[in-house]
Structures are given as C-alpha cells and as structure tokens.
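Structure assessment
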Amino acid sequence: MKQIHLSLLVAAAMIGIAVLAVFEFVPEEVAQFSPFLLLALFPGAWLGSDRSCNLLKRSKA
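Below you will find a few notes about this structure. Along each chain, residues carry numbers from 1 onward, in the same order as the chain's sequence is written. Per-residue local features are limited, in this predicted model, to residues with pLDDT of at least 70; the limit for side-chain atom pairs, both in listing and counting, is 80 or more; totals at the level of whole chains, interfaces and linings are taken over all residues. As a rule here, side-chain values cover all heavy atoms of the structure and leave hydrogens and water aside.

**Focus on helix 2 (residues 28-41)**
Every helix listed is a DSSP run of H or I at least four residues long, and every strand listed is a run of E at least two residues long, numbered separately from the N terminus. Multiplying 1.5 Å by the residue count of a helix minus one yields the expected span of that helix. Given a rise of 1.5 Å per residue, 14 residues ought to cover 20 Å, and the 20 Å separating the end C-alpha atoms of helix 2 matches this to within 8%. One axis is fitted to the seven residues ending at the residue and one to the seven starting there. The bend at that residue is the angle between these axes. Maximal helix bending in helix 2 amounts to about 45°, located at Ser34; proline Pro35 follows within four positions. Contact definition: two residues touch when any of their heavy atoms are within 4.5 Å. The inward-facing, buried residues of helix 2 abut helix 1 (5-22).

The following block contains the structure:
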C-alpha cells in the first residue's frame, strides 16, 4: 500500500467512535455497526486503487 493516510484516518475514526461509546456520547447500537459503515463509505481505505497482483492486466516480466 503506497498511501496509508486514508486507512489511518478511517482507523482513527473507528477508535474515536469506540471511545465516544464508552463515555456514552454515542449509542451502543450505532457504535457496533460503525466500523462496517465506515468501510462502506470509504472503500478506498481498505480496497485501494493500486493492486500489485492483477490477473486481468498482462505485463511483461
């Protein structure tokens, strides 16, 4: 992964929501589903756009 800024930002958001849930600023039900929602909103953070192993792209070795 060449660019980790978005991944770190999403991970920090997940930790922040968990901390807010501990201090009861965020309901527990929201905190349980927030990691999935964040990954669905920002798929580039975990999928990435640059893949090192692409079977459809043929290149000369």
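**Looking at a nonpolar patch on the surface**
On the surface, Ile15, Val19, Leu20, Val22, Phe23 and Phe25 cluster together into a nonpolar patch covering about 660 Å² of accessible area. Along the chain, Val22 turns up in helix 1. Only residues whose relative accessible area exceeds 30% and that form no salt bridge enter a patch; like-charged residues are grouped when within 9 Å of one another, and nonpolar side chains (Val, Leu, Ile, Met, Phe, Trp, Tyr) when within 5 Å. Residue burial considers only the protein chains on display, and all accessible areas are found by Shrake-Rupley using a 1.4 Å probe. The working definition used for a salt bridge is a side-chain nitrogen of Lys or Arg within 4 Å of a carboxyl oxygen of Asp or Glu.

**Overview of unusual backbone geometry**
Even without being a glycine, Glu24 presents a positive backbone phi close to 60°. Tracing the backbone through its elements, the reader meets Glu24 in the loop between helix 1 and helix 2.

**Remarks on the packing of helix 1 against helix 2**
What counts as an axis is a line fitted to C-alpha atoms, over the stretch in contact for a helix, and the angles between N-to-C directions run from 0 to 180 degrees. It is at 9 Å that the axes of helix 1 and helix 2 come closest, and there the two elements cross at 165°. When the interaxial angle is binned, helix 1 and helix 2 end up roughly antiparallel. Relative to helix 2, helix 1 is oriented so that their crossing is right-handed. Facing Val10, Ala13, Met14, Ile17 and Ala21 of helix 1, the residues of helix 2 in contact are Ala31, Ser34, Pro35, Leu38 and Leu39. Here the term charged refers only to Asp, Glu, Lys and Arg, the term nonpolar to Ala, Val, Leu, Ile, Met, Phe, Trp, Tyr, Cys and Pro, and the term polar to all other amino acids, Gly among them. Here the contact of helix 1 with helix 2 is composed, by residue class, of nine nonpolar, one polar and no charged. If an angle is under 35 degrees, it is roughly parallel; if it is over 145, roughly antiparallel; if it lies from 65 to 115, roughly perpendicular; otherwise it is oblique. Working rule for handedness: look at the near helix, and if it is turned counterclockwise from the far one by less than a right angle, call the crossing left-handed; if clockwise, right-handed.

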